[in-house]
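So the chains spell out like this:
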Amino acid sequence: MDIEKILSEMTLEEKAALVSGEDMWTTKNLSGLGVPPVFMSDGPHGLRKQNKIKGEGKKDYEEYETIEAVCFPTACATASSFDRELMSRIGIDLGKECQAEDVSTILGPAINIKRSPLCGRNFEYISEDPYLTGELSAAYINGVQSQDVGTSLKHFAANSQETERMYADSIIDERTLREIYLAGFEKAVKESSPWTLMASYNRINGEYSSENDWLLNKVLRDEWGYDGVVMSDWGAVSDRIKGIAAGLDLEMPGSRGVNDASIVDAVKTGKLSQEKLDTAVRNILKWIDKFLLHRHEEVFDRDADHEKAVRADEECIVLLKNDEGSLPLNKDEKILIVGGFADNPRFQGGGSSHIECHKIVSALSIKDNYSDNISYIMGFSHDKDEMEEGCLDKLEEAAKKVDKVVVFAGLPDVFESEGYDRQHMRLPDSQNIIIGKLLEVGASVTVVLHNGSPVELPWKDKVHAIVEAYLGGEGVGETVMNVLYGRVNPSGKLAETFPLKLEHNPSYINFPVANHRVVYGEGVFVGYRYYDTKRMDVLFPFGHGLSYTSFEYSNPKVSQRTVNIDQGLSVSVDITNTGDRPGKEVVQLYVRDMTNATNRPIHELKGFDKISLEPGETKTVTFKLDKRSFAWYSVDIGDWYAANGKYVIEIGASSRDIRLEEEIELTGSFQIPPKFDQDVQLGELLDYEPTREFTEKYFAKATTQFSNSDTGELDEMARALLQYMPLRTLRSFGNMDNEMVQGILEMLKNCTR
């Protein structure tokens, strides 16, 4: 496709048409110019392709039917794998499915930060941590796009709740936005170049994302170098003309010609430049051409992909608790299974990512493959908060006749979905009542959870084992049974913190919306950054996950103790499987800033690796750290900044299970200078290297009662008194006039030259 030739031949009307969708899923058909329509499909954990219903009886409005496809584990599950290779493999499989179904772009991954456990769409998002989010999403995107199919990285940005998601204004400072809510997008854009990126519904500090010039042009394109298509979320466009000028290329699903006409009029009247429109058209043509150029045949083998979905989920399940080696189960043990999820597993969330599944495997349907000693009582429903009539007495009698009870619990579909937020973190009351009853009669209870986000567990300390299955895709029943009976050694780790209760969450008082505003008052202290810094008790910490084997961490090494910021650092550690069965461990590296240059979380994840070890085997894990590994975003300089000084490298099995520490000294950076005006505080001048000596000597003379006569230095009390005193106060307390204050300022400035 000769893009520039086509662009030169297009009429204004054709250009205006191409920058909006033809229908729900396709771009405009400009076949006369050699530009066919391309099809997009919802994702991101399966192909939710919707085809138009054709034939007689079709209603005036468009109707669609969804194809049968394979549901892979959702993001809340795959994030727990901490496995880049797994994310890439899932992406490759979905890319092949897209080619087989003539889908140009799958709409995902969704990487908004899990700010609150109540967000109704958390099941589709990756993590509370931006580093993990960026690493896993980049791997997924690279996997999909290796098959010559596009992705749509979404939702850009700061769209971490469903309440008023199409209107609410996210009030958020730039440092928080950069460090937490944009960092995952930045890494994915720079490391995987998604073909398209989806602007979110919400406003950010008063400006809709779909028409936010700072976000789409300055940050995304100018700073990060993005050259793909920016499309709207479905129905997210407010002012289409403003959006094009701000860098929004494609409106989806279109406006039935209304905005097309507005674009034509805006160009003719000078409200929109032809250049801006041409840029949008060019981006769309490049995207279409990229897909058409590499179209190839693929076969969508649903049975084969189902097995891949099962194998993928085996990397994701998290063993949260396992007292007294209660798991794995023995086939000779008598087991009672309880709970509607055992027969009807909840394996995906509601909304745009809902897959019409090819095959759904429940734990109950395959129980005989594991043991002849399994019985079942439903007890409670899978789709509502409801108990079977008379089940408590039945459960009490049955529990006395078995060795162990496994309760398949979780959140019904109606409890969490796209479109609305949860109201609380509790499981259905019926489930807690039944679990309580089983514990009351002395049963050894294991709980398997099917949920898309954290839940409160009032019985956590009393049950023997807890397995977090999350929403693990259509094969989750088989995966869970493999873990319960030890055919698979669990290796997942939590990609989010489970707080003890909702009120402990840092966003609690500001979630979800008040007066159409979402105030991100917790700043950068999101998830473990908050809980760990406050040293709060949590239900389960970020990065936590147990195994049926054990691992020893030893022999930590850093490539150098004094690290130049421009050279980076290599960190290695030996991991040994000290148990009696093969297993996988997720080794996590956190950085703790000891410089006090600004207010930061106690530590931040900056590296992870998942390794497989045979019993007795040792492997060395090596991490590479660069400037960003130590940096925070300084609004004062408009860039990432890492101060010179001490940092601690922490290596562990979770954010609360740090096994080894190494201290290093960072050099080669610079100090951010204070603002040299009459309001500068004397403490700032004492802390700033170029002005320290002058300030020390000058004010030691001026405050002789607090200075050391031998050294001419300020003593501790003088420093404390002067720390927060602005220079201008010398007019009141130092017998100085304006001219003298200005003279001191000039001398201070000379110190920096």
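Look above for the structure.
Residues numbered from 1 in each chain as written. Predicted model: local features only at pLDDT ≥ 70, side-chain atom pairs only at ≥ 80, totals over all residues. Heavy atoms only, no water.

Participant: Before we go on, may I ask you to explain the nonpolar core in this structure?
Facilitator: Core analysis: the biggest nonpolar cluster contains 181 residues, and F156, W287, V407, F408, L438 and L484 have the highest contact counts within it. The contact partners of F408, leaving out residues within four places of it in the chain, are I337, V338, G339, G340, F341, A342, A363, F380, V448, H450, V480 and L484. (Core = buried A, V, L, I, M, F, W, Y, C linked by side-chain atoms within 4.5 Å. Buried < 20%, exposed > 50% of the residue type's maximum accessible area, 1.4 Å probe, protein only. Contact = heavy atoms within 4.5 Å.)

Participant: What am I meant to see in the sheet that holds strand β24 (residues 569-577) here?
Facilitator: The pairing of strands in a sheet comes from backbone hydrogen bonds and takes either a parallel or an antiparallel form. Here we have 3 strands laid out as an open sheet, ordered β22-β24-β27, and antiparallel in their pairing. The two strands at the open ends of the sheet, each matched to only one other strand, are β22 (551-558) and β27 (618-625). Each neighbouring strand pair of the sheet contributes to a mean axis angle of 20°, computed without reference to strand direction. As paired elements, β22 and β24 share 6 bridges and run antiparallel to each other. If you follow E552 over to β24, its bridge partner there is T576. (Pairing = 2+ DSSP bridges. Helix = DSSP H or I, 4+ residues; strand = E, 2+ residues; numbered from the N terminus. Axes fitted to C-alpha atoms, helices over the stretch in contact; angles between N-to-C directions.)

Participant: What is the right way to look at the pattern of salt bridges in this model?
Facilitator: Any two side chains of opposite charge can pair, so long as their charged atoms come close to each other. Inspection of the entire model under this criterion finds 63 salt bridges. Linking K437 and E396 is a salt bridge whose minimum nitrogen-to-oxygen distance equals 3.5 Å. One end of the pair, K437, is in helix α14 (residues 429-440); the other, E396, is in helix α13 (residues 391-399), and 41 residues separate them in sequence. The exposure class of E396 is partly exposed, given its relative accessible area of 22%. One salt bridge in this structure joins E661 and R592, with 3.5 Å as the shortest N-O distance. With E661 in strand β31 (residues 657-667) and R592 in strand β25 (residues 583-593), this pair connects stretches of sequence that are 69 residues apart. Exposure remark for R592: the relative accessible area of 18% places this residue in the buried category. (Salt bridge = Lys/Arg side-chain N within 4 Å of Asp/Glu carboxyl O.)

Participant: I keep staring at the environment of D461 and nothing clicks. Help me out?
Facilitator: Within the secondary structure, D461 is located in the loop between β17 (445-450) and β18 (465-468). With relative accessibility at 63%, the residue D461 sits in the exposed group. When the C-alpha positions of D461 and D323 are compared, they lie 9.8 Å apart, and in sequence the two are 138 residues distant.

Participant: Hey, could you run me through the side chain of R221 in this one?
Facilitator: You can see R221 is positioned in helix α8 (residues 213-223). The buried category is assigned to R221, whose relative accessible area is 16%. At 3.4 Å, the side chain of R221 and the backbone oxygen of Y226 are in polar contact. At 3.1 Å, the side chain of R221 and the backbone oxygen of G228 are in polar contact. Excluding its chain neighbours within four sequence positions, the residues that come into contact with R221 are L216, Y226, D227, G228, V229, V230, G247, D249 and N283. (Polar contact = N/O pair within 3.5 Å; in protein donor to acceptor, adjacent residues only side chain to side chain.)

Participant: What is the right way to read the sheet that holds β17 from this model?
Facilitator: Ordered by their spatial adjacency, 6 strands build an open sheet running β12-β18-β17-β16-β13-β15, and the pairing between neighbours is mixed. Looking at which strands have only one partner, the edges of the open sheet turn out to be β12 (318-322) and β15 (374-377). Going from strand to strand, the sheet's axes swing by 20° on average, the running direction of each strand aside. Where β17 meets β18, 4 bridges bridge the pair, whose relative direction is parallel. Looking across to β18, one finds that V447 is bridged to I466. Across the sheet, α14 touches β13 (335-338), β16 (404-410) and β17, and the angle it forms with β16 is around 165°.

Participant: Is there a simple way to think about the packing of helix α6 (residues 174-181) against α8 in this case?
Facilitator: Helix packing for two helices is described by the angle between their axes and how far apart those axes are. The contact between α6 and α8 brings their axes to 15 Å, and the two run at 55°. Taken together, the axes of α6 and α8 are oblique relative to one another. Pair α6 / α8 crosses with right-handed handedness. Judged by residue contacts, E174, L177 and R178 of α6 engage W214, K218, V219 and E223 from α8. Taken together, the residues that form the contact of α6 with α8 break down as 3 nonpolar, no polar and 4 charged. (Parallel < 35°, antiparallel > 145°, perpendicular 65-115°, else oblique. Left-handed = near helix turned anticlockwise from the far one by under 90°. Nonpolar A, V, L, I, M, F, W, Y, C, P; charged D, E, K, R; others polar.)

Participant: Explain the pairing of strand β6 (residues 150-156) to me, please; I cannot follow it from the model alone.
Facilitator: Along any regular strand the residues' side chains alternate between the sheet's two faces. Here β6 lies mainly inside the structure; 7 of its 7 residues are buried. In this fold, the crossover linking strand β5 (residues 105-107) to β6 by way of helix α5 (residues 130-145) has right-handed handedness. Note that β6 and strand β8 (residues 196-199) share 3 bridges and pair parallel. Looking across to β8, one finds that S152 is bridged to T196. (Right-handed = clockwise from strand over helix to strand, strands pointing away.)

Participant: Would you explain unusual backbone geometry in this entry?
Facilitator: Residues other than glycine predominantly adopt negative phi, and peptide bonds predominantly adopt the trans conformation. In this chain, G108 is followed by P109 through a cis amide linkage whose omega measures 10°. Position of P109 among the secondary structure elements: in the loop between β5 and α5. A cis amide bond, omega 0°, links M252 with the succeeding residue P253. One non-glycine residue, N596, lies in the positive phi region at around 60°. Inspection of the secondary structure puts N596 in the loop between β25 and β26 (604-613). Among the residues examined, N596 registers a relative accessible area of 69% and is labelled exposed.

Note that all results are geometric; they support no functional claim without further evidence.
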